[in-house]
Amino acid sequence: MRHLASALRNLPPSCGPVRLVAVDGHAGSGKTTFAGRLAGALGGAPVLHLDDIASHEELFDWTGRLLTQVIEPLGRGETARYSPYDWRARRFGPSRPLPPAPVVLVEGVGAGRRALRPHLARLLWMELPHEESWTRGRARDGAEQLDFWVRWVEEEREHFTEDPSRPYADLLVAQSQQGYEVLPGPGKTVGPDHGVTHRDGPSAVC
């Protein structure tokens, strides 16, 4: 993970002074856990969770809000401010700051969407098949969320059919009992940081 973190730090900025790095993948594929560990290896890099940007009414139709609240301010070198969505209360909460750090991670389904890719320094894709990811996600969320998952699966399929991320991924992140292996992605825009491998213990489900 240290090698990957170092490679990301050495990239040219992609959004104002920020190196914006997306972690995308199917729901349940491990994005949150991986992003958290990568943020730690980066010395506490900020992580924007797209679950805070999406809502029940807009599972995927949040591009405009993300661009206005986050991408545009960071592009000007300013602190972004966004209102995280409360999935239990079904409303957006108080404003939260997101400073223009050297590296900012954006994790969530759709983080590598077409509208965001021009602002990204790197796009990472969690390499886990959708059915396995969704099975893990359902197990994580429990029986009370099964109805939600029916709708989610349909909308995620539609999103990735219309706006796929994986074909543009610079790196693929594969999980194993030993940790993570980071491999070249279909986007093939990276160079010497190909093949970085991280193995520091079992990866968690997220």
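Below, the structure is looked at part by part. Small disclaimer: the values here were computed from a predicted structure and weren't measured. (Residues numbered from 1 in each chain as written. Predicted model: local features only at pLDDT ≥ 70, side-chain atom pairs only at ≥ 80, totals over all residues. Heavy atoms only, no water.)

**Overview of the overall build of the chain**
- Broken down by element type, the chain carries five helices and eleven strands.
- In terms of C-alpha radius of gyration, the chain reaches 16 Å, essentially the compact-globule figure of 17 Å for 206 residues.
- For the chain, the spread of C-alpha atoms along the principal axes amounts to about 45 × 40 × 30 Å.
- Looking at the 206 residues of the chain, the share that counts as buried comes to 49%.
- Long-range contacts, defined here as pairs at least 24 residues apart, represent 67% of the contacts in the chain between residues at least 6 apart. (Helix = DSSP H or I, 4+ residues; strand = E, 2+ residues; numbered from the N terminus. Rg over C-alpha atoms; globule rule 2.2 N^0.38 Å. Buried < 20%, exposed > 50% of the residue type's maximum accessible area, 1.4 Å probe, protein only. Contact = heavy atoms within 4.5 Å.)

**Digging into the nonpolar core**
- Formed by 35 residues in total, the largest nonpolar core has its most connected members in Leu 20, Leu 48, Leu 66, Val 70, Leu 98 and Trp 152.
- At the level of secondary structure, the elements contributing two or more residues to this core comprise strand S1 (19-24), helix H3 (63-75), strand S3 (80-82), strand S7 (103-107), strand S8 (122-126) and helix H5 (146-162).
- What Leu 66 contacts, discounting residues up to four positions off in sequence, is Leu 48, Leu 50, Ile 53, Ile 71 and Leu 116.
- Membership of the second largest hydrophobic core comes to 23 residues, among which are Leu 11, Leu 42, Val 103 and Leu 171. (Core = buried A, V, L, I, M, F, W, Y, C linked by side-chain atoms within 4.5 Å.)

**Some remarks on the packing of helix H1 (residues 2-9) against helix H2 (residues 31-41)**
- Closest axis-to-axis distance for the H1/H2 pair is 9 Å, and the angle between their directions is 70°. Judged by the angle between their axes, H1 and H2 are roughly perpendicular. Contacts between H1 and H2 pair Leu 4, Ala 5, Leu 8 and Arg 9 from the former with Phe 34, Leu 38 and Ala 41 from the latter.
- By residue class, the composition of the contact of H1 with H2 is six nonpolar, no polar and one charged. (Axes fitted to C-alpha atoms, helices over the stretch in contact; angles between N-to-C directions. Parallel < 35°, antiparallel > 145°, perpendicular 65-115°, else oblique. Nonpolar A, V, L, I, M, F, W, Y, C, P; charged D, E, K, R; others polar.)

**Quick notes on helix H4 (residues 130-141)**
- Over its twelve residues, H4 runs 16 Å from end to end, which matches the ideal 16 Å to within 8%, given 1.5 Å per residue.
- Ser 133, Trp 134, Arg 136 and Gly 137 are the residues of H4 that are buried. Taken down its axis, H4 places every buried residue within 160° of arc, on the same side.
- Contacts made by the buried residues of H4 are with H5 and strand S9 (171-176). (Expected span 1.5 Å × (residues − 1). Arc of directions from axis to C-beta.)

**Comments concerning the layout of surface pockets**
- In this structure, the largest pocket occupies an estimated 750 Å³ of space.
- Taken together, 26 residues line the largest pocket, and the ones lying closest to its centre are Asp 51, Trp 87, Arg 140, Asp 141 and Phe 148.
- For the lining of the largest pocket, the secondary structure elements donating two or more residues are H2, H4 and H5.
- The element that contributes the greatest number of residues to the lining of the largest pocket is H5, accounting for three residues.
- A breakdown of the residues in the lining of the largest pocket according to their chemical character gives twelve nonpolar, six polar and eight charged. (1 Å grid on protein atoms, 1.4 Å probe; cavity = no way out; pocket = protein on both sides within 12 Å on 5 of 7 lines; lining within 4 Å. Points joined across faces, edges and corners; volume = space filled by probe spheres on them.)

**Quick word on the environment of Trp 149**
- Within the secondary structure layout, Trp 149 lies in helix H5.
- The sequence separation of Trp 149 and Ala 139 amounts to ten residues, and the corresponding C-alpha distance is 11 Å.
- Setting aside residues up to four positions removed in sequence, Trp 149 forms contacts with Ala 27, Trp 134, Gly 137, Arg 138, Arg 140 and Asp 141.

**Section: the pattern of salt bridges**
- Using the criterion set out here, one finds eight salt bridges in the structure.
- Between Arg 65 and Glu 58 there is a salt bridge, and its shortest N-O distance comes to 2.7 Å.
- A relative accessible area of 25% places Glu 58 in the partly exposed class.
- The partner of Glu 127 in a salt bridge is Arg 166, with the nearest N and O atoms 2.6 Å apart. Of the two residues, Glu 127 sits in the loop between S8 and H4 while Arg 166 sits in the loop between H5 and S9, which places them 39 residues apart along the sequence.
- Here Glu 127 falls in the partly exposed class, since its relative accessible area comes to 31%.
- Linked by salt bridges that have partners in common, Arg 114, Arg 117 and Asp 163 make up one network. (Salt bridge = Lys/Arg side-chain N within 4 Å of Asp/Glu carboxyl O.)

The analysis is restricted to geometry; functional conclusions fall outside its scope.
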